[in-house]
Amino acid sequence: MRNFRVYADHAATTPLCDDAWHAMLPFLREDFGNPSSLHSWARKPREAIAAARQTIAECIGAESREIFFTSGGTESDNWAIKGSSGGLMVSSYEHHAILNPSASEAKRGRDVVYVNPDRNGAITPEEIEKKWKNGIGLASVMAANNEIGVLNDLPSIAKLIHAKGALFHTDAVQAIGHVPINVKQDRIDFLSASAHKFNGPKGVGFLYIRKGLSLKTLLSGGQQESGARSGTENVAAIMGMAAALRFNFEHMAENTQRLNGYSAKIATALTEMLPSVRFPGELSTVKLPGFLSVSIPGHPAEGLMHLLDLKGIAVSTGAACDSKSTRISHVLQAIRIPRAQAKCTIRISLGGENTVEDIDYIINAIASVIKPR
Ligand code: PLP
């Protein structure tokens, strides 16, 4: 029998795609020059960065001068929160890359208002309207939640926030490359992205800043990124990110259909196996492709995760970054999942390289764990 290993934790990170790998290689060795140098070694890296910026801009409907390279999602989120001014509105189920800087801004005296998702896991315009306070300068609502995969209606949220006279930031780290996002049509002012969530390398991302807007600088020094974000560019990583984003955009329609079929197959099989199984956020029809949050009563998530790991399957309990803690996930709490159910909730997040054999293997492995013969 083939020794199967199935990676089903793409919300934590994704494997590097071939296009990204090939785009990166020249800039790790032969074209190593510093793009800011004045001699000819700088030419190729400088031109490559300009092309990467253009590719990324085209994928999200932006202009290349609106794309600012960063070290990843955490930096982009911190920049948007700490670099903005006025009061803040953030949703209570954001990633800690938004929640923690918002809490430190509150300690420094900034007004911070929290909005809660509904039971389906979405932030509604009604909730924003209800909690709105004068003086809010920036509202930040994530495009897709990293634990339950629910997508927010960005254009409606942005429209309302603009009508209130504030700016709109979205943490699109989980969404970019997986669902279509167009910053102009969706009326987004600031958007955070991270390459390792869409088959690019780790430690690189970008922040979209709509032209005409600015944020206080987090990292000052040299004149890179028009002086808005200093530091010698990670040229190879930037090249990998642009190639990965283009690759994902080209395969988005096919992946969406296939991965949604796979997650539906797992959901149906688990429901037949154990009718008491629950899917947090299941009432929401708008989800990331191939994303399944599953509560299996009587099977604590951590134990289940380890048993599946022994069978060569990677899934996650809540968010990967939080997996070391045994606290109940703040996301499941925010959508009012009972404590006992939250403790038994795992996250299965599929990706482009998963096959139908992987799906059958996952179903059989869960069956053997929850119904030992
Ligand atoms: N925002 C969301 C929604 C995420 O899921 C993550 C990573 O898990 C981050 C931000 C942080 O991104 P990075 O790992 O690039 O710092």
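Since we're looking at a predicted model, the values are computed, not measured.

Each value, and the rule that gives it
- Residues numbered from 1 in each chain as written.
- Predicted model: local features only at pLDDT ≥ 70, side-chain atom pairs only at ≥ 80, totals over all residues.
- Heavy atoms only, no water.
- Buried < 20%, exposed > 50% of the residue type's maximum accessible area, 1.4 Å probe, protein only.
- Helix = DSSP H or I, 4+ residues; strand = E, 2+ residues; numbered from the N terminus.
- Pairing = 2+ DSSP bridges.
- Patch = residues over 30% accessible without salt bridge, like charges linked within 9 Å, V, L, I, M, F, W, Y side chains within 5 Å.
- Areas by Shrake-Rupley, 256 points an atom, 1.4 Å probe, with all protein chains shown as cover.
- Salt bridge = Lys/Arg side-chain N within 4 Å of Asp/Glu carboxyl O.
- Core = buried A, V, L, I, M, F, W, Y, C linked by side-chain atoms within 4.5 Å.
- Contact = heavy atoms within 4.5 Å.
- Near = heavy atom within 4 Å.
- Polar contact = N/O pair within 3.5 Å; in protein donor to acceptor, adjacent residues only side chain to side chain.
- Nonpolar A, V, L, I, M, F, W, Y, C, P; charged D, E, K, R; others polar.
- Axes fitted to C-alpha atoms, helices over the stretch in contact; angles between N-to-C directions.
- Arc of directions from axis to C-beta.
- Phe/Tyr/Trp six-rings, centres within 6.5 Å; stacked < 30°, edge-to-face > 60°.
- Parallel < 35°, antiparallel > 145°, perpendicular 65-115°, else oblique.
- Left-handed = near helix turned anticlockwise from the far one by under 90°.

1. Some points on the pairing of strand β9 (residues 291–295)
Along β9, five of the five residues are buried, which leaves the element largely enclosed by surrounding structure. Residues F291, S293 and S295 point to one face of β9 and L292 and V294 to the other, with burial holding for every one of them. Taken together, the five bridges between β9 and strand β11 (residues 345–349) define a ladder with antiparallel strand orientation. Directly across from V294, in β11, lies its bridge partner I346.

2. Examining a nonpolar patch on the surface
Together, L16, W21, L25 and L28 line one region of the surface with nonpolar side chains, adding up to about 360 Å² of accessible area. Locating L25 in the fold gives a position in helix α1 (residues 18–28). With a relative accessible area of 34%, L25 lands in the partly exposed category.

3. Brief notes about the nonpolar core
Nonpolar side chains tend toward joint burial in soluble globular proteins. By size, the foremost hydrophobic cluster in this structure holds 73 residues, and its most contacted members are I60, I67, I128, I176, I181, L191 and F206. With 10 residues, the top contributor of residues to this core is helix α7 (residues 235–273). When near neighbours in sequence (up to four residues on either side) are disregarded, I181 contacts C59, I60, A143, L154, A172, A175, I176, D186, I188 and L191. Among the nonpolar cores identified, the runner-up in size contains 33 residues, and L259, L304, V369 and I370 belong to it.

4. As for the site of the ligand
Around the ligand sit 14 residues in total, of which G73, T74, D171, S194 and K197 are the nearest. Within the side chain of D171, a nitrogen or oxygen atom sits 2.6 Å from a nitrogen atom of the ligand. Residue K197 places a side-chain N or O atom 2.6 Å away from an oxygen atom belonging to the ligand. Contact with the protein chains hides 88% of the accessible area of the ligand, taken as 390 Å² for the molecule alone. Looking at the shell around the ligand element by element, the count peaks at three residues for helix α3 (residues 73–83). Tallied by class, the residues present in the shell around the ligand amount to three nonpolar, eight polar and three charged.

5. Points about the sheet that holds strand β4 (residues 112–115)
Spatially, seven strands are ordered β2-β8-β7-β6-β5-β3-β4 in an open sheet, and the strand pairing comes out mixed. Looking along the sheet, the strands with just one partner apiece sit at the ends: β2 (67–70) and β4. Ignoring strand direction, the axes of neighbouring strands in this sheet form an average angle of 20°. Packed onto the sheet, helix α6 (residues 154–163) meets β5 (136–140) and β6 (167–171) and runs at close to 150° relative to β6.

6. Some words on unusual backbone geometry
Residues other than glycine seldom take positive phi values, yet N199 does so here, at roughly 70°. By secondary structure assignment, the location of N199 is in the loop between β7 (190–194) and β8 (205–209). Among the residues examined, N199 registers a relative accessible area of 13% and is labelled buried. Phi is positive for S226, which is not a glycine, with a value near 55°.

7. Quick word on helix α8 (residues 301–310)
Of all the positions in α8, only A301, L304, M305 and L308 are classed as buried. The buried residues of α8 all sit within an arc of 100° when viewed along its axis, so they share a single face. Against β10 (313–314), α10 (339–343), β11 and α11 (356–370) lie the buried residues of α8. Immediately downstream of α8, the backbone of G312 shows phi near 85°, a positive value.

8. A closer look at the pattern of salt bridges
Under the criterion given, the structure shown has 17 salt bridges. Close ionic contact of E63 with K211 constitutes a salt bridge, the shortest N to O distance being 2.5 Å. Separated by 148 residues along the polypeptide, E63 in the loop between α2 (43–60) and β2 and K211 in the loop between β8 and α7 bring together distant segments of the chain. E63 gets classed as partly exposed once you look at its relative accessible area, which sits at 28%. One salt bridge connects R210 with D189, and the closest N-O pair in it is separated by 2.8 Å. In this pair, R210 sits in the loop between β8 and α7 while D189 sits in the loop between β6 and β7, placing the two residues 21 residues apart along the sequence.

9. Some thoughts on the side chain of T13
Residue placement: T13 occurs in the loop between β1 (6–7) and α1. There is a polar contact of 2.6 Å between the side chain of T13 and the side chain of H196. There is a polar contact of 3.4 Å between the side chain of T13 and the side chain of K202. For T13, the residues in contact, after removing those within four places along its chain, are Y7, H196 and K202.

10. Observations regarding the packing of aromatic side chains
The tally for this structure, following the rule as stated, stands at two aromatic pairs. For the pair F4 and Y361, a centre-to-centre distance of 5.0 Å together with 20° between the ring planes defines the contact as stacked. Separated by 357 residues along the polypeptide, F4 in the segment before β1 and Y361 in helix α11 bring together distant segments of the chain. For F4, a relative accessible area of 13% translates into the label buried.

11. Focus: the packing of α2 against α7
Look at α2 against α7: their axes get within 9 Å of each other, and the N-to-C directions meet at 30°. By the angle between their axes, α2 is roughly parallel relative to α7. As for the relative orientation of α2 and α7, their crossing is left-handed in sense. From α2, P45, A48, I49, A52, T55, I56 and C59 reach across to α7, where they touch V235, I238, M239, M241, A242, L245, R246 and F249.

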